[in-house]
Amino acid sequence: MRRALLAITGLAAGTTALVVLKGTPGTSQAAQDRPVAEAPAVPGGSVAETPGSTPGGVTPSARPGATVKPSAKAGASRTPGARTSSTTTRATTAAPRTTTSAPKVTTRTVTGPVVSYKYGSLQVRITLSGSRIVDATGLGMPLDGQSGLRSDDVQARYSGSSGEVVAKQSANLSTVSGATYTSTAYKQSLQAAIDKA
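What counts, and where the lines are drawn
Along each chain, the written sequence defines residue order, and numbers are assigned to residues from 1. The model is predicted, so local features are restricted to residues of pLDDT at least 70 and side-chain atom pairs to those at 80 or more, both for listing and for counting; the totals for chains, interfaces and linings are taken over all residues. To get the side-chain values, all heavy atoms of the structure are used, and hydrogens and water are removed first. Strands are runs of DSSP state E lasting at least two residues, helices are runs of H or I lasting at least four, and both sets are numbered from the N terminus onward. The rule is simple: take the accessible area with a 1.4 Å probe, protein chains only, and divide by the maximum for that residue type; under 20% is buried, over 50% is exposed, in between is partly exposed. Here the Shrake-Rupley method, with its probe set to 1.4 Å, supplies the accessible areas, and only the displayed protein chains count as covering residues. Residue-level confidence of the predictor, termed pLDDT, takes values from 0 up to 100. Contacts are residue-level and defined by heavy atoms, with any inter-residue pair within 4.5 Å sufficient. Salt bridge, as applied in this entry: a Lys or Arg side-chain nitrogen positioned within 4 Å of an Asp or Glu carboxyl oxygen. Simply put, an axis is a line fit to the C-alpha atoms, just over the touching stretch for a helix, and the angle between two N-to-C directions goes from 0 to 180 degrees. Geometric relationships in this document are graded by angle, where less than 35 degrees denotes roughly parallel, more than 145 denotes roughly antiparallel, 65 to 115 denotes roughly perpendicular, and other angles denote oblique. The crossing is said to be left-handed when, going from far helix to near helix, the turn is anticlockwise and less than a right angle, and right-handed when the turn is clockwise. All amino acids are sorted into three groups, where Ala, Val, Leu, Ile, Met, Phe, Trp, Tyr, Cys and Pro are nonpolar, Asp, Glu, Lys and Arg are charged, and the leftover types, Gly among them, are polar. Each residue after the first adds 1.5 Å to the expected span of a helix. Directions from the helix axis toward the C-beta atoms define the arc. Any Phe, Tyr or Trp ring, taking Trp's six-membered ring, that has another such ring centre within 6.5 Å forms a pair; planes under 30 degrees apart are called stacked, those over 60 apart edge-to-face, and the others tilted. Two thresholds decide whether a charge sits over a ring: the Lys NZ or Arg CZ must be within 6 Å of the ring centre and within 35 degrees of the ring normal.

**Focus: the overall build of the protein chain**
Of the regular secondary structure elements, the protein chain holds five helices and six strands. Each helix and strand of the protein chain, ordered N terminal to C terminal, gives the series α-α-β-β-β-β-β-β-α-α-α. The proportion of buried residues among the 197 residues of the protein chain is 23%. For the protein chain, the accessible area works out to roughly 14,300 Å², and carbon and sulfur atoms hold 57% of it.

What follows is the structure in structure tokens.
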């Protein structure tokens, strides 16, 4: 128990001695290291006393026989005008994001002119998505009798989303057997619609 008490007392005494030797708080390193010639002048021509100096303006380290205390860190003494290192954070602004989305595809319909032929008249309407034909249909085609049957054959072959017009994307269609006049009229109106599109 005595040894512990002695150890604690010795530690406290050593710490106190270090604090006293280090210097009193509030004295700057620059003021302690400044020679007497650089002591700030007070109006009236006298030399101002700095903390830790004697009334004659002489610091303890300038007195004869006084020892100079080394600083705690090598190269850590500051001189007037020396820069202190500090971390500077630069605010950066992010560049605006440019996103390019696919162009919006518009669907539109174009109707060809009415074409008259031996069994009546018809016109073709096509639906486009962008520049691609996605549907075609014949309008005003005869419905009755032999002409109606021919119209049905032509519609079945050319029109719709899976017809020959969509497959070939042109008016270069093969003629429907037994419906030459109707096929020719359909192709004429279709070509005019494609040209207009």
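**What about the confidence of the model for the protein chain?**
Overall, the prediction assigns the protein chain a mean pLDDT of 76, with 59% of residues at 70 or greater. Across residues 45-50 the pLDDT falls below 50, and counting only partners more than four positions away or on other chains, this stretch makes 12 contacts in the model. The low-confidence segment residues 56-62, where pLDDT is below 50, has 13 contacts with residues more than four positions distant or belonging to other chains.

**Re the pattern of salt bridges**
Taken as a whole and assessed by the stated rule, the structure comprises two salt bridges. Between R157 and E164 there is a salt bridge, and its shortest N-O distance comes to 3.5 Å. Of the residues examined, E164 reaches a relative accessible area of 12% and is grouped as buried. Where K168 meets E164, a salt bridge forms, and the shortest distance between an N and an O atom there is 3.4 Å. Taken as a pair, K168 and E164 lie in helix α4 (residues 164-168) at a separation of four residues, close to a single helical turn. Among the charged side chains, a network of salt bridges with common partners joins R157, E164 and K168.

**Quick notes on the packing of helix α3 (residues 145-158) against helix α5 (residues 180-196)**
Between two packed helices, the angle of one axis relative to the other and the distance separating the axes together describe the packing. Axis separation between α3 and α5 bottoms out at 9 Å; the angle between their running directions is 45 degrees. It follows that α3 is oblique to α5 by the angle criterion. Relative to α5, α3 is oriented so that their crossing is right-handed. Contacts from R150, S151, V154, Q155 and Y158 in α3 reach T182, S183, Y186 and K187 in α5. Tallied by class, residues from the contact of α3 with α5 come to three nonpolar, four polar and two charged.

**Quick look at α3**
Under the 1.5 Å per step criterion, the end-to-end length of α3 is 20 Å for 14 residues, consistent within 8% with the ideal 20 Å. All of the buried residues in α3 are S147, G148, R150, S151, V154 and Y158. Buried residues of α3, seen end-on, are gathered within an arc of 160 degrees and therefore sit on one face of the element. Exposed and oriented more than 90 degrees from the buried face of α3 are G145, Q146 and A156. In this structure, the buried side of α3 is in contact with β4 (115-117), α4 and α5. Just beyond α3, the residue with positive phi is G160, at close to 90 degrees.

**Overview of the packing of aromatic side chains**
The way to describe two aromatic rings as a pair is by their centre distance and the angle between their planes. Scanning the entire structure with this criterion turns up two aromatic pairs. Centroid distance Y158 to Y186: 4.9 Å. Interplanar angle 45 degrees. Geometry classified as tilted. Pair noted here: Y158 is in helix α3 and Y186 is in helix α5, with a separation of 28 residues, a long-range link. Each member of the pair Y158 and Y186 is classed as buried. Over the face of the ring belonging to Y119 we find R150, whose NZ or CZ atom lies 4.8 Å from the ring centre.

**Re the side chain of S151**
Residue placement: S151 occurs in helix α3. For S151, a relative accessible area of 2% gives the class buried. Apart from the residues within four sequence positions on either side, S151 is in contact with Y117, M141, P142 and T182.

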